[in-house]
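Coordinate analysis (summary)
Letter by letter, the chains look like this.
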Amino acid sequence: MAKRTVIPFGPQHPVLPEPVHLDLVVEDETVVEAIPSIGFIHRGLEKLVEKRDYSQMVYVIERICGICSFGHGWGAAAAVEGAMGVKIPERAEYLRTILHELSRLHSHLLWLGLLADAFGFESLFNHCWRVRETVLDILEKTTGGRVIFSICKVGGLNKDIDNETLKEIVETLEGIKEEIKELTDVFIEDDSVKNRMVGVGVLSKEDAEELCAVGPVARGSGVVQDMRLTNNHGVYGELDFEPVIETAGDCYARCKVRIGEVFQSIELIAKAVAKIPEGPVSVPVKGNVEGEYMLRLEQPRGEAFYYAKGANSKFLQRMRVRTPTNMNIPALVKTLQGCDLADVPILILTIDPCISCTER
Amino acid sequence: MSYIAKSPWVIHYDGSSCNGCDIEVLACLTPMYDVERFGIINTGNPKHADVFLVTGSVNEQNKEVVKQIYEQMPEPKVVVAVGICACSGGVFKQCYNILGGVDTVIPVDVYVPGCAARPEAIIDGVVKGLAVLQEKRDNMVKGIDAPAEEPEAAAEEEKTEEGGEN
Amino acid sequence: MKTFRIAKVLFKSLFKKPATLMYPVVQREWQERTRGSIDLYSEACILCGICARRCPADAIEVDRKAGTWTIHRMQCIQCGECVAACPKKCLGMNNQYTEPQAEKVVDTYEIEQKKDETKGPANAELTCNKEECVFCGLCAKVCPADALKVDRKEKIWEVDKEACAKCGACVDKCPKKCLSMGEAKAEAEAAPKAEEKPAAEGEEKLNCNLDECIYCGLCAKNCPCDALTVDRKEKVWEVDEEACVKCGACLEKCPKECLAIS
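Residues numbered from 1 in each chain as written. Chains lettered and ligands numbered in written order. Predicted model: local features only at pLDDT ≥ 70, side-chain atom pairs only at ≥ 80, totals over all residues.

Overview of the overall build of chain B
Secondary structure assignment for chain B yields 5 helices and 7 strands. Counting from the amino terminus, helix and strand elements in chain B follow one another as β-α-β-β-β-α-β-α-β-β-α-α. Considering chain B as a whole, with its 166 residues, one finds that 58% of them fall into the buried category. By sequence separation, contacts in chain B at least 24 residues apart represent 80% of the contacts at least 6 residues apart. (Helix = DSSP H or I, 4+ residues; strand = E, 2+ residues; numbered from the N terminus. Buried ≥ 20, exposed ≤ 12 C-beta atoms within 10 Å, placed from the backbone. Contact = placed C-beta atoms within 7 Å.)

Shown next, in the form of structure tokens:
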């Protein structure tokens, strides 16, 4: 038997923009066990409900994560709206859906870039991020922020986006579709990329179900699971779409799922813009929160869970968020067992880790 | 920009930020903003770095990590706190696990505000930091140690103040 | 075998204009909605402190006694909550972010305190002339600080003196003009009579001259109690007698002057 060595990985590591620590137990070059330790970004913001009232909490929850911030803001606002029994205008639902898909687009393009960076393909990384800037410009024009939007509030949206701007957005996205296609073709067809990903880190369908994987990780293993289909948030029910499913379960499959979702998001935005009704974008909300509400929402990284409970006060009694990366860590640990040490960064990246989401 | 004598290398560490500032720091390195035209490279090794970019506030667990990275950097060095969390704790200031801004642990030379800090602001901040770096380097050449000590003393004072508040 | 698939992209970008913005040599143009920093138009500010209370990051401090409005620039998260909450609309969002600095920037504005009779002095108190009051609840609806409590059935009008910011939003909105921002003593005299008058008003009734009515729905829109139902298609105008407080807000808005309280 080869000698076992423990290699510490992180929290400060070149491929990781965020701190996560893994103790990798290796035999020769093969990882036999991975022990994650987290807590480097724990802030304890759920406890802030005691000091911030429900409308301020939306801004706090939004800052759980800078990449999927719109989804978090939406989840927090929708959970409070549900507990208060507020019905938001239809136009607001449509706009929230459009903004959420835009942030999915920017998140996946960001991820594609980081993946390219992880296997050392610098120029592909730079091109992915160049295309992503177009999406960020749209977001800045409509919401005022590049990554943190502060547009969602309890009762709807802070600002309206007029129909002309929406049409422009669809045209711009159609314009960059060709560019994205060229880049994603590199991921799908290039041998140097395929060699690093095909057959690496296979997660079987059974394992994915047993370990409660969510989002693209589960869909890459053939599990049909997409919270947008449950139709409890946004107007996804009226947009008529099929989730992107791959069955191989390796890094390549997970990459293909996300590439499929990039184009799906562009399509969904176009469909939503074609159907959007006129009307107000917010309703005034006053008074205290009484009762509780639970909501599951599909983030770029998978299913997120929001729970709000009020006890007839402006301050919530409990605000709970469960984020997708949290659920994908067991699947990550499973796939790390038996992989090559050199594949560790790619494996970590293919679950699209968002440590600040996980630790809050 | 003539005062950049050589290309300054940057190390980035995410304290407990929300990712917003981190991806903006990364965005600075990509074609749209491209700080590499000033010779700035993001390095993973503290021993190669001149500028320490910290995003996010400091908490109990990463306090030691931040200190360690700072100590591993060779003199002269500059610390740039990116985003309001790194400046003062920001929206999370009252969270139980947050100690406050980065200045509670290490001396900070430039504060970059914004939530999230815009790439333009980060570039401005790093350029300001480089001026400080040049000053420190000049002082080192002349053999004056004093400026390196001063900010530390100031940070100590602030630390006690902040501690009193909490 | 497919290798070097990126060649197409690379080749194209050789002949394209660089994507780089060339910042800081070329200045960035901001979008209209870009959130940069908070502006204060100090002439209108009444130091009500609602912005400081609404701020999720505790970046704003308002000192009424010293007459100062302070913002910690390195603490502000530019969410725009204060801009939306300001009853005087004296806060705005500037596109330009605060310059990075070597120390934490704190901006303090001196606010000149006005000695306005109705909405001014710092020691003023919000009072309601309960003889006139119809307990419509409109004041409570517009109150940015949620300091007012109105119960129509129990005929209660209460102000939470701690929470009230004396912004005057309710005074402007009151359909009966029974609210005032005067000295504290006025209230004691008005209170005892509050019981009688509203009972007498029960006789009155809101009527609409349906011959002239164009069913525009403006009355229903402006009703503080949602007592009116107007349907243009069906030509229906209805008043819920229970809910109507005869405040007269609809009378003022009616473009055809076909409404009357008699």
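Considerations on the sheet that holds strand β7 (residues 302-313) of chain A
Residues and elements named next belong to chain A. Across the sheet, 3 strands lie side by side as β6-β7-β8; this open sheet has antiparallel pairing. At either margin of the open sheet sits one strand with a lone partner, and together these are β6 (289-299) and β8 (316-322). Strand-to-strand, the axes of this sheet are offset by a mean angle of 5°, without reference to chain direction. Here β7 pairs with β8 via 6 bridges, running antiparallel. Paired with Tyr306 across the bridge in β8 is Val321. (Pairing = 2+ DSSP bridges. Axes fitted to C-alpha atoms, helices over the stretch in contact; angles between N-to-C directions.)

What to know about the sheet that holds strand β2 (residues 60-63) of chain C
All names here are of chain C. In spatial order, the strands read β2-β3-β5; together these 3 strands make up an open sheet with antiparallel pairing. Each of the sheet's edge strands pairs with one partner strand only, and the pair in question is β2 and β5 (106-110). Across this sheet, the average inter-strand angle for adjacent strands is 15°, counted without regard to direction. Judged from the 5 bridges that link them, strand β3 (residues 68-72) and β5 form a sheet pairing that is antiparallel.

Notes on the interface of chain A and chain B
Counting residues at the interface gives 35 residues for chain A, matched by 31 residues for chain B. Of all the elements in the fold, those that place two or more residues in the side of chain A that touches chain B are α1 (54-62) and α4 (122-143) of chain A. Top element by residues in the side of chain A that touches chain B is α4(A). It accounts for 4 residues. Taken together, the residues of the side of chain A that touches chain B break down into 18 nonpolar, 9 polar and 8 charged. (Nonpolar A, V, L, I, M, F, W, Y, C, P; charged D, E, K, R; others polar.)

Quick word on the nonpolar core
If you look at the biggest cluster of nonpolar residues, it comprises 238 residues, and the most contacted ones within it are Phe52(B), Val80(B), Ala81(B) and Val82(B). The contact partners of Phe52(B), leaving out residues within four places of it in the chain, are Ile11(B), Ile69(B), Tyr70(B), Met73(B), Lys77(B), Val78(B), Val79(B) and Val80(B). (Core = buried A, V, L, I, M, F, W, Y, C linked by C-beta atoms within 7 Å.)

A short note on the interface of chain C and chain A
With 19 residues of chain C at the contact, the number on the chain A side is 25 residues. Those elements that provide at least two residues to the side of chain C that touches chain A are α1 (7-15) and α3 (81-85) of chain C. For the side of chain C that touches chain A, the leading source of residues is α1(C), giving 3 residues. Split into classes, the residues belonging to the side of chain C that touches chain A amount to 8 nonpolar, 4 polar and 7 charged.

Points about the environment of Thr55(B)
All names here are of chain B. Of note, Thr55 is situated in strand β3 (residues 51-55). Put simply, Thr55 and Gly20 are 35 residues apart on the chain and 9.1 Å apart in space, counted from C-alpha to C-alpha. Excluding residues within four positions of it along the chain, Thr55 makes contact with Asp14, Gly15, Ser17, Cys21, Asp22, Val25, Val82, Gly83 and Ala86.

Some details on the pairing of strand β8 (residues 156-159) of chain C
Residues and elements named next belong to chain C. Burial along β8 is one-sided: Trp157 and Val159 are buried, while Ile156 and Glu158, pointing the other way, are not. Pairing geometry for strand β7 (residues 148-151) and β8, over 4 bridges, is antiparallel. Residue Asp151 lies in a different strand from β8, and its bridge partner there is Ile156. The turn linking β7 back onto β8 is made up of 4 residues, and Lys155 within it adopts a positive phi angle of 55°.

Notes on the packing of helix α3 (residues 90-118) of chain A against helix α10 (residues 251-275) of chain A
Residues and elements named next belong to chain A. Orientation of α3 relative to α10, taken along the N-to-C sense of each, is 155°, at an axis distance of 9 Å. Between α3 and α10, the crossing angle belongs to the class labelled roughly antiparallel. Handedness of the α3/α10 crossing: left-handed. The residues of α10 that touch α3, namely those facing Tyr94, Thr97, Ile98, Glu101, Leu102, Arg104, Leu105, His108, Leu109, Trp111, Leu112 and Leu115, are Cys255, Arg258, Glu261, Val262, Ser265, Ile266, Leu268, Ile269, Ala272 and Val273. Partitioning the contact of α3 with α10 into residue classes produces 15 nonpolar, 3 polar and 4 charged. (Parallel < 35°, antiparallel > 145°, perpendicular 65-115°, else oblique. Left-handed = near helix turned anticlockwise from the far one by under 90°.)

Concerning the pairing of β3(B)
Side-chain direction in a regular strand flips from residue to residue, so the side chains alternate between the two faces of the sheet. Residues and elements named next belong to chain B. Counting buried residues along β3, 5 of its 5 residues qualify, which places the element largely inside the surrounding structure. Alternating positions in β3 separate into two faces, Val51, Leu53 and Thr55 on one and Phe52 and Val54 on the other, with burial throughout. Pairing of strand β1 (residues 9-14) with β3, which is carried by 5 bridges, proceeds in the parallel orientation. Of the residues in β3, the one forming a bridge with His12 is Leu53. Here 5 bridges tie β3 to strand β5 (residues 78-82), and the two strands are oriented parallel to one another. Within the sheet, the bridge partner assigned to Leu53 lies in β5 and is Val80.

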